[in-house]
Amino acid sequence: AKIAFVLGDNPLLSKTDIYNLTILNYADYILCPDSYWKQQLENVGIKRIYFDQIGFELDANTKNNDQISVTSTKKVSFIGRTYRDSDGYKRALFLSKFVKYDLQIFTSYDIFWEKWLNFFPELRDKIVYLKSSLSSKAVSKLYVESCFSPVDGNSGLINGIHLRFFDILQAGSLPIVEYKKDYETAFKGIEVPQIFSYDKALEIADYY
């Protein structure tokens with residue numbers, strides 16, 4: 001392809017640039033990670049759009065995790081920021097389901113964390129505020145040393161799979177994910193640990 005796009009956000013929802021949609025008409029190939037986005041874009045006449053996921057280097061965990069072993073059967077790592085709307089509350093609600101474990105939330109400081117912690121004070125001592133971004137090796141190390149890593153569903157992804165899921169797989173660790181329809185397509189015939197209701201999140205984590 002002369003011109004290819006990999007969509008990280010839905011061009012119909014993202015506010016980053018007014019031309020997000022118009023430039024897609026020039027593409028020879030558009031990789032779309034959400035089957036619902038694909039349907040929406042095809043409805044408005046966008047062509048040459050394909051549902052697919054970004055891959056990863058299969059031996060990356062060997063390179064990144066030499067002689068790293070699980071240090072605690074109860075350790076659980078989550079990496080991600082909060083949000084200034086209902087997504088922030090939703091994320092805090094999701095994470096609150098795993099406080100039974102040695103949960104650590106690696107995040108950047110945001111005043112809205114304080115808002116959500118008023119609803120979920122049990123998360124207050126689980127948060128590790130980062131002064132800078134984590135390296136890929138540090139991310140991989142956190143995941144591989146965890147008994148599992150939870151992945152919530154971003155509301156911008158209607159059916160799609162969160163990239164964090166692939167980060168955890170690449171580390172050789174276990175993702176436990178909020179249900180999204182595209183897991184059924186991408187992993188047909190493969191058991192993916194999925195949470196269909198937050199009320200069952202701890203039960204599913206305990207099972208795995």
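A brief structural summary. (Residues numbered from 1 in each chain as written. Predicted model: local features only at pLDDT ≥ 70, side-chain atom pairs only at ≥ 80, totals over all residues. Heavy atoms only, no water.)

1. Focus: the environment of Tyr179
Next, step 1: Of note, Tyr179 is situated in the loop between strand 8 (175–178) and helix 7 (182–186).
Next, step 2: Take Tyr179: its relative accessible area is 28%, and that puts it in the partly exposed class.
Next, step 3: In this structure the C-alpha to C-alpha distance between Tyr179 and Val44, which are 135 residues apart in sequence, comes to 27 Å.
Next, step 4: When residues no more than four places from it in sequence are discounted, the contact partners of Tyr179 are Glu184, Gln194, Ile195 and Phe196.
Next, step 5: A distance of 2.8 Å separates the side chain of Tyr179 from the side chain of Glu184, its partner in a polar contact. (Helix = DSSP H or I, 4+ residues; strand = E, 2+ residues; numbered from the N terminus. Buried < 20%, exposed > 50% of the residue type's maximum accessible area, 1.4 Å probe, protein only. Contact = heavy atoms within 4.5 Å. Polar contact = N/O pair within 3.5 Å; in protein donor to acceptor, adjacent residues only side chain to side chain.)

2. As for the packing of aromatic side chains
Next, step 1: As enumerated under the stated definition, the model contains 17 aromatic pairs in all.
Next, step 2: Ring centres 5.3 Å apart and planes at 70 degrees place the aromatic pair Phe94 and Phe98 in the edge-to-face group.
Next, step 3: On the basis of relative accessibility, which here comes to 0%, the residue Phe94 falls in the buried class.
Next, step 4: With a relative accessible area of 0%, Phe98 lands in the buried category.
Next, step 5: A ring pair is formed by Tyr109 and Tyr129, whose centres lie 5.2 Å apart and whose planes are at 70 degrees; its orientation type is edge-to-face. With a gap of 20 residues between them, Tyr109 in the loop between strand 5 (102–107) and helix 4 (111–117) and Tyr129 in strand 6 (residues 127–129) connect regions that are remote in the sequence.
Next, step 6: Using a relative accessible area of 52% as the deciding quantity, one classes Tyr109 as exposed.
Next, step 7: Above the ring of Phe112, the side-chain terminus of Lys115 is found at 6.0 Å from the ring centroid. (Phe/Tyr/Trp six-rings, centres within 6.5 Å; stacked < 30°, edge-to-face > 60°. Lys NZ or Arg CZ within 6 Å of the ring centre and 35° of its normal.)

3. As for helix 3 (residues 86–96)
One turn of the α-helix equals 3.6 residues, which is why residues spaced by three or four share an orientation.
Next, step 1: Where helix 3 is concerned, the buried positions are Asp87, Gly88, Arg91, Ala92, Phe94, Leu95 and Ser96.
Next, step 2: Those residues of helix 3 that are buried are in contact with strand 4 (75–79), strand 5, helix 4, strand 7 (149–151), helix 6 (163–170) and strand 9 (194–195).

4. Details of the sheet that holds strand 5
Two pairing modes exist for strands in a sheet, parallel and antiparallel, and in both the strands are linked by backbone hydrogen bonds.
Next, step 1: Pairing within the open sheet is parallel, and its three strands lie in the order 4-5-6. Across the chains shown, the open sheet's two edge strands, defined by having one partner strand only, are strand 4 and strand 6. Between one strand axis and the next, the sheet turns through 25 degrees on average, direction left out of account.
Next, step 2: In terms of strand pairing, strand 4 meets strand 5 through five bridges, oriented parallel. Bridging across to strand 5, Val76 finds its partner in Leu103.
Next, step 3: Across the sheet, helix 5 (residues 136–144) lies against strand 4 and strand 5, angled at about 145 degrees from strand 4, the strand it touches most. (Pairing = 2+ DSSP bridges. Axes fitted to C-alpha atoms, helices over the stretch in contact; angles between N-to-C directions.)

5. Observations concerning unusual backbone geometry
Leaving glycine aside, a negative phi is the common case for residues, and trans is the common case for peptide bonds.
Next, step 1: Of note in this structure, Arg48 is not a glycine but carries a positive phi near 55 degrees.
Next, step 2: Along the chain, Arg48 falls in the loop between helix 1 (35–43) and strand 3 (49–51).
Next, step 3: For Arg48, a relative accessible area of 41% gives the class partly exposed.

6. Some details on the sheet that holds strand 8
Next, step 1: With parallel pairing, the three strands of this open sheet are ordered in space as 7-8-9. Only two strands of the sheet have a single partner each, and these edge strands are strand 7 and strand 9.
Next, step 2: Sheet topology places strand 7 next to strand 8; three bridges connect them, and they run parallel. The residue bridging Val151 from the neighbouring strand is Val177, located in strand 8.

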